[in-house]
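Inside the fold
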Amino acid sequence: MLAIDTSAGSSVAVVDLDRGVIAEKSVDDHRRHAEVIGSLIAEALEESGVAVGALSAVAAGMGPGPFTGLRVGIAAARAFALGARKPVVGLVSHDAIAFDAYRGGHTGPLLVLTDARRRELYWSHYAGADDAGLPTRASGPGLAAPDELPHVDVERREAASVSAAALGLLAELTWANGRPFAADEALYLRSPDVTLSAGPKRVTA
Amino acid sequence: MNRDAPLVLGIETSCDETGVGIVRGTRLLANTIASSMDEHARYGGVVPEVAARAHLEAMGPTLEAALAEAQVELADLDAVAVTSGPGLAGALMVGVGAAKALAVSLGKPLYAVNHLVGHVGADVLDAAGGPGHPIELPTIALLVSGGHTSLLHVRDLTADVELLGETIDDAAGEAFDKVARILGLPYPGGPQIDKAAEGGDPAAIRFPRGLSLPKDLERHRYDFSFSGLKTAVARWVEQRADASQPVPVADVAASFREAVVDVLVSKAVNACRDRGVPRLLLGGGVVANRRLREVATERCAAAGIELRIPALSLCTDNGAMIAALAAQLIMAGHGPSSLRFGADSTLPVTDIQVA
Ligand SMILES: [Zn+2]
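Criteria and cut-off values
- Residues numbered from 1 in each chain as written.
- Chains lettered and ligands numbered in written order.
- Predicted model: local features only at pLDDT ≥ 70, side-chain atom pairs only at ≥ 80, totals over all residues.
- Heavy atoms only, no water.
- Bend = angle between axes of the 7 residues up to and from the residue.
- Helix = DSSP H or I, 4+ residues; strand = E, 2+ residues; numbered from the N terminus.
- Donors = N, O, S within 2.8 Å, 3.2 Å for Na, K, Ca; no water.
- Core = buried A, V, L, I, M, F, W, Y, C linked by side-chain atoms within 4.5 Å.
- Buried < 20%, exposed > 50% of the residue type's maximum accessible area, 1.4 Å probe, protein only.
- Contact = heavy atoms within 4.5 Å.
- Phe/Tyr/Trp six-rings, centres within 6.5 Å; stacked < 30°, edge-to-face > 60°.
- Lys NZ or Arg CZ within 6 Å of the ring centre and 35° of its normal.
- Pairing = 2+ DSSP bridges.

Here the focus is helix H2 (residues 48-70) of chain B. Most pronounced at Ala58 of chain B, the bend in H2 of chain B amounts to some 45 degrees, and the proline Pro61 of chain B follows within four residues. Looking one or two residues beyond H2 of chain B, the residue adopting positive phi is Gln71 of chain B, at roughly 55 degrees.

Residues and elements named next belong to chain B. Within the protein, the atoms that donate to the zinc ion are His115 (NE2), His119 (NE2), His148 (NE2) and Asp317 (OD), at distances of 2.1 to 2.3 Å. Donor residues for the zinc ion sit on one chain with the sequence pattern H-x3-H-x28-H-x168-D. Here His148 is found in the loop between strand E6 (139-144) and strand E7 (149-156), whereas its partner Asp317 is found in the loop between helix H11 (312-315) and helix H12 (319-331), with 169 residues between them in sequence.

It is worth spelling out the nonpolar core at this point. Judged by nonpolar contacts, the single largest core of 65 residues is most densely connected at Leu2, Ile41 and Phe80 of chain A together with Leu9, Ile22, Val80 and Leu102 of chain B. Considering every element that reaches this core, the biggest residue donor is helix H2 (residues 67-84) of chain A, with 12 residues. Residue contacts for Val80 of chain B: discarding those within four places in its chain leaves Leu9, Ala99, Leu102, Ala103, Leu106, Pro109, Leu110 and Tyr111 of chain B. With 51 residues, the next largest nonpolar core counts Ala196, Ala253, Ala271 and Ile305 of chain B among its residues.

If you walk through the whole model with that rule in mind, you get 4 aromatic pairs over all chains. Aromatic pair Phe176 of chain B and Phe256 of chain B: ring centres 5.2 Å apart, planes at 75 degrees, arrangement edge-to-face. On the criterion of sequence distance, the pair formed by Phe176 of chain B in helix H5 (residues 172-182) and Phe256 of chain B in helix H9 (residues 249-275) is long-range, its members being 80 residues apart. Take Phe176 of chain B: its relative accessible area is 2%, and that puts it in the buried class. Accessibility expressed as a relative area gives 0% for Phe256 of chain B, which makes it buried. Summarising the aromatic geometry, the rings of Phe224 of chain B and Phe226 of chain B are spaced 6.2 Å apart at their centres and angled 10 degrees between planes, so their arrangement reads as stacked. When its relative accessible area of 0% is taken as the criterion, Phe224 of chain B is described as buried. A relative accessible area of 1% places Phe226 of chain B in the buried class. The side chain of Arg53 of chain B reaches across the aromatic face of Phe67 of chain A, ending 4.6 Å from its centre.

All names here are of chain B. Where strand E2 (residues 17-24) meets strand E3 (residues 27-35), 8 bridges bridge the pair, whose relative direction is antiparallel. Across the sheet, the residue bridging to Gly21 is Asn31, located in E3. Linking two consecutive strands that pair antiparallel, namely E2 and E3, is a turn of 2 residues; a positive phi of about 65 degrees is found at Gly25 within it.

The following block contains the structure:
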């Protein structure tokens, strides 16, 4: 599976359920998604030695994340899947962070946080991991100011990046266990900034 | 790669149209467009974030529709092309991300091209699907839309394009939108003003011609300004309303439209004369304006200038013009872009292709 996430930095990985992470290429820059996405995909594929035709699917991190960058990865995942004639599956990007935490030995509830800019955070609350190792999201993803976050008593994991390798392995496990994927829509969690104007402004005093 | 008549798929997302076009050399095979215009109508203008979100949702279906229309397989493509700029950054990035991933998945070369030069490149295509034709050069090009108002001197489509002038404030299409709102007409303003102007007297009110006074012409001979005109219309309408007099909408619309068209065509014809170029090409969505086409036709005929106006479906933003320009680059022997380019909202016209 090829996995792409641009909800924070830009990360691309080729993973397999049996072989694990075959290749992962990431750039943490939070502004240059459009510049780096093509090379990251090409390099990850090349390093993995996996032919496009041998992929089973493309996994896309659907956010939450700042809009402009998030869209680059989703657009790339969908277009790559279209070009390769493979299915595309969507995942909540926070689930990859939680998945990593539980794989790394964390147990019990967890609050995953990522930067939403404008002094706000994206959050997702997890109850734990199930038998298959899949994180069980209890609530979220949501958006809140730091001092208005829910689940204040829960251990936090604030992440500056999302690993496409974790996202891809999570997708493999989700697939293997027949679990549902996330809806195929970007998780913006904010409306576009537009104000409906109340008609033309006067130009004469 | 086929360099005689390359099969190219072009992706365009610089404003509010998601365009995917497919050409074989100069022959148009598909020109599919999804527009988010309706979503912007309630805001009275293009909202960048709304446009970018719409591009993401429209990209897949538009690609599929173009392939079906052209009846070609992705594997048969010689290259993928995409608009790198100028345009709305967030909107451009959706196209750039999609084009790069598509090119990598197919193992095809990618050409990142200039949107404005793409408008000129559209001229090689025949909207009816005919064989197309080489572009006649040199030419002056007047590109007018809601996003840009530019005057170019094109000596070589793939190697030598000069920006003569552009708007220093609003684009002409924007001015139409804003004046439509002043007159209580819906968005988009161009067709509404055109309709409202029917039966109106274009000489009823003498609205200002931006950057057309002798002192302005010295510094801004080929530049445009429509902000002052918009304000003049607003002031005129307000004074009428304040005096409790009815606003003669047809006369205001016709007079405003005349002022815009007069400046656009005058400066374009000046450029043809100054540069000794007997050819003018129109491009951009505002070409839909009937009066612009009329005045351009009259004045070009009078000045002995050959006027070229591509079909409207090729004048509005579209992916076919991007594919056509890339095909011209390939036929002229240019290599592909790297995978490292980005979206450049202010890409200069001299950058016909981004390395
Ligand atoms: Zn345009």
